Amino acid sequence: MELLNRLNQQLRALDEQQLIRKRRTVESPCGPRVSVDGRELLAFCSNDYLGLANHSQIKLALREGAALYGAGSGASHLISGHGRAHAMLEERLAQFVGAHLEAPRALSFCTGYMANLAVITGLTAGDKEAEIFSEALNHASLIDGARLSRVKAHVYPHADLAALESLLKASRATTKIVVTDSVFSMDGNLAPLPRLLALCEQHNAWLVVDDAHGFGTLGDKGHGALEHFNLRSPYLVYMGTLGKAAGVGGAFIAAHETVIETLIQKARPYIFTTATPPALAHALLTSLDLLEGDEGATRRAQLQALVAQLDDGLRLRRWQRLPSKTAIQPILIGDNAETMRAGAALYEQGLWVGAIRPPTVAPGTARLRVTLSAGHTSAEVATLIAALNTLESIGKDLR
Ligand SMILES: *Cc1c(COP(=O)(O)O)cnc(C)c1O
């Protein structure tokens, strides 16, 4: 069949460029030690930064949520799917980040991907002349949100505020939207949010902050990047995900109540989808309590100690550790094939580390993406450090 032949040709081309991706089936809960194909692996690749994905209290809350509310929501939020658990979660989320916003309100979503599609299409829905200013290293969901909105989108180079400023100055649009990751997912560094916000206020632009990797991990209370930088502004539109540090799933937008009402009325990725199972929202209330409480603080301190340990222990010459202080600790190798061989060699030793290639990152910047979690022990991180130092010294001869 002609159509299948064409797909197979395209897949072969990917394979020749070493770009075929493979999934592995995990048989245990998410955690530092996982079981795959009957083997126990030490995993440094999940986004479960605080080790909450398999937390006993959250699991208990999930069970309780199912008992209270059943399994499914049955409909979209605007029909009959919006339950008491969703409403309580949204209220709690608005409090969680509300110190940084004006007239804060929160709206929950099934996934961060959908929240990003919704926020960008929602903010531009009333204005086809709107313009988007998007940071070069933004997550795919922000890029796709800009595409779906069908308004003009400018991409400014990574962390280049001078370039952004000239774009903003030159723009005649009445609705301007600057969108950025707070923690860049493949590099682990932080966006210069205070200066970005100052620019946005000066040019009357929204600042949409995707805090997928900062929510729960940054700030004394785990409130995220806005707490970390101590920002407060009515120009801020905040997106947090609930499947990473929060350990469950879903996402939310928090912003001025008028922004949220606009999304409810206009954002198609919000309107035309079934609400998440209410039990998830119920479990997330427990997750938020943990994040804000002593346990969250202890877990964030443990994560920071492990980041410092990795920083001290790695002795790299050819490979390059990117300057990140977050849980995302990439090791730049460059070459696709060498990166894949390094990932495979670690895997052989029982260490599971993500090997990231283009198009997820720019050509020539393939890397190992080590992610640390408060669930790891320092002995486990020492094992990883020793393995990486040895592998790098074997270098190009790696088979
Ligand atoms: C993971 C991620 C998302 C998507 O969130 P999901 O809840 O996984 O859909 C969005 N933005 C960034 C920066 C992310 O890392």
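These numbers were taken from a predicted model, which means no experiment stands behind them. Numbers given for residues are sequential positions, taken from 1 along each chain in its written order. Under the rules for a predicted model, residues below a pLDDT of 70 receive no local features and side-chain atom pairs below 80 are neither given nor counted, while totals for whole chains, interfaces and linings still include all residues. Just so you know, side-chain values use all the structure's heavy atoms and leave hydrogens and water out.

## Observations concerning the pattern of salt bridges
Here is the rule we go by: Put simply, a salt bridge is a Lys or Arg side-chain nitrogen that is within 4 Å of an Asp or Glu carboxyl oxygen. For the purposes of this entry, the term helix denotes a DSSP run of H or I that reaches at least four residues, the term strand denotes a run of E that reaches at least two, and both are numbered from the N terminus. Note on exposure labels: buried denotes an accessible area under 20% of the residue type's maximum, exposed denotes more than 50%, and partly exposed covers the range between, all computed with a 1.4 Å probe on protein chains only.
A complete count under the given rule lists 10 salt bridges for this structure. Close ionic contact of D289 with R92 constitutes a salt bridge, the shortest N to O distance being 2.9 Å. Residue D289 is found in helix α12 (residues 278–292), and its partner R92 is found in helix α4 (residues 84–97); the two are separated by 197 residues along the sequence. According to the relative accessible area criterion, D289 is partly exposed, its value standing at 46%. By relative accessible area, R92 is classed as buried at 15%. Through salt bridges with shared partners, a single ionic network connects R92, D289 and E292.

## Some points on the UniProt feature "binding site: substrate" (unreviewed entry) in the protein
For clarity, the cut-off: UniProt positions are given in the numbering used here, feature names are shortened, and annotations may be inferred rather than shown by experiment. Here, two residues are considered to be in contact whenever any of their heavy atoms come within 4.5 Å of each other.
In the UniProt entry, the feature "binding site: substrate" (unreviewed entry) is given for R21, H139 and T360. Looking at where R21 falls in the secondary structure, it is placed in the loop between α1 (2–16) and β1 (33–36). Not counting residues within four places of it along the chain, the set of residues in contact with R21 comprises R357, P359 and T360. When its relative accessible area of 37% is taken as the criterion, T360 is described as partly exposed. Apart from the residues within four sequence positions on either side, T360 is in contact with R21 and M186.

## Let's talk about the domain arrangement of the protein
We apply this condition: Annotation comment: domain bounds sourced from an automatic or database domain assignment. Residues adjacent in sequence count toward polar contacts only when both atoms are side-chain atoms; beyond that, a polar contact is any pair of N or O atoms within 3.5 Å, and within protein one must be able to donate a hydrogen and the other to accept it. Each residue is assigned to one class: nonpolar for Ala, Val, Leu, Ile, Met, Phe, Trp, Tyr, Cys and Pro, charged for Asp, Glu, Lys and Arg, and polar for all the others, Gly among them.
Segmenting the protein into domains produces domain 1 (25–54 + 296–397) and domain 2 (56–292). Taking the mean C-alpha position of each, domain 1 and domain 2 sit 27 Å from one another. The interface of domain 1 with domain 2 comprises 22 residues on the first partner and 25 residues on the second. With a shortest N-O distance of 2.9 Å, R367 and D187 are connected by a salt bridge. Across the contact surface, domain 1 and domain 2 share 12 residue pairs in polar contact (both at pLDDT 80 or more). Looking at which element gives the most residues to the side of domain 1 that touches domain 2, the answer is helix α13 (residues 294–313), with four residues. Considering only residue class, the side of domain 1 that touches domain 2 consists of 12 nonpolar, six polar and four charged.

## Thoughts on a nonpolar patch on the surface
The test is simple: Only residues above 30% relative accessible area that lack a salt bridge enter a patch, with like-charged residues linked at up to 9 Å and the nonpolar side chains Val, Leu, Ile, Met, Phe, Trp and Tyr linked at up to 5 Å. Computed with the Shrake-Rupley method and a 1.4 Å probe, the accessible areas treat only the protein chains shown as cover for residues.
A cluster of nonpolar side chains, M1, L3, L4 and L7, forms an exposed patch at the surface whose accessible area comes to about 450 Å². Its location among the elements puts M1 in the segment before α1.

## Focus: the site of the ligand
Test applied: Note on terminology: near, applied to a residue and a molecule or strand, indicates that one of the residue's heavy atoms is within 4 Å of it.
The full set close to the ligand counts 14 residues, and G112, Y113, D210, H213 and K244 are the nearest of them. The side chain of H139 places a nitrogen or oxygen atom 3.4 Å from a nitrogen atom of the ligand. Taking H213, its side chain carries an N or O atom lying 2.6 Å from an oxygen atom of the ligand. Burial of the ligand by the protein amounts to 82% of the accessible area it has alone, namely 380 Å².

## Some remarks on the packing of aromatic side chains
Spelled out, the test is: Stacked, edge-to-face and tilted labels apply to pairs of Phe, Tyr and Trp rings (six-membered ring for Trp) whose centres lie within 6.5 Å, assigned for plane angles under 30 degrees, over 60, and everything in between, in that order.
Under the definition given, this model contains five aromatic pairs. Arranged with centres 5.2 Å apart and planes meeting at 45 degrees, the rings of F96 and F215 form a pair that is tilted. Taken together, the residues span a long stretch of sequence, with F96 in helix α4 and F215 in the loop between β7 (205–210) and α9 (225–228) at a distance of 119 residues. For F215, a relative accessible area of 0% gives the class buried. Relative to W352, the ring of Y347 has its centre 6.3 Å away and its plane inclined at 90 degrees; by these criteria the two rings are edge-to-face.

## Let's talk about the environment of V26
Looking at the element boundaries, V26 is found in the loop between α1 and β1. When the C-alpha atoms of V26 and D37 are compared, they prove to be 7.7 Å apart, with 11 residues separating the residues in sequence. Beyond its immediate chain neighbours, meaning those up to four positions away, V26 contacts V34, S35, V36 and W352.

## Description of the nonpolar core
Rule in force here: Definition used in this section: a nonpolar core is a set of buried Ala, Val, Leu, Ile, Met, Phe, Trp, Tyr and Cys residues joined via side-chain atoms within 4.5 Å.
Ranked by size, the top nonpolar core spans 76 residues in total, and within it V178 and F215 carry the most contacts. Two domains each donate at least three residues to this core, and these are domain 1 (25–54 + 296–397) and domain 2 (56–292). Core analysis: the second largest hydrophobic core is formed by 27 residues, V208, V237, V259 and A267 among them.

## Considerations on the packing of helix α5 (residues 112–124) against helix α10 (residues 257–266)
In plain terms, the rule: Every angle, taken between N-to-C directions, lies between 0 and 180 degrees, and every axis is a line fitted to C-alpha atoms, over only the stretch in contact when it is a helix. Each angle receives one of four descriptions, namely roughly parallel if under 35 degrees, roughly antiparallel if over 145, roughly perpendicular if within 65 to 115, and oblique otherwise.
Between α5 and α10, the least distance of the axes is 9 Å, while the angle of their chain directions is 95 degrees. It follows that α5 is roughly perpendicular to α10 by the angle criterion. Within the contact between the two elements, α5 uses A118, V119, G122 and L123 and α10 uses V259, T262 and L263.

## Some details on the sheet that holds β7
Keep this limit in mind: Two strands form a pair only when DSSP identifies at least two bridges running between them.
Ordered by their spatial adjacency, seven strands build an open sheet running β3-β9-β8-β7-β6-β4-β5, and the pairing between neighbours is mixed. Unpaired on one side and paired on the other, β3 (104–109) and β5 (152–156) mark the two borders of the sheet. Neighbour to neighbour, the strand axes of the sheet diverge by 20 degrees on average, direction disregarded. With six bridges joining them, β3 and strand β9 (residues 251–256) adopt antiparallel strand pairing. In the sheet register, R105 faces β9, and the bridge partner there is A255. Here helix α8 (residues 193–202) sits on the sheet in contact with β5, β6 (176–181), β7 and β8 (236–241), set at roughly 155 degrees to β7.

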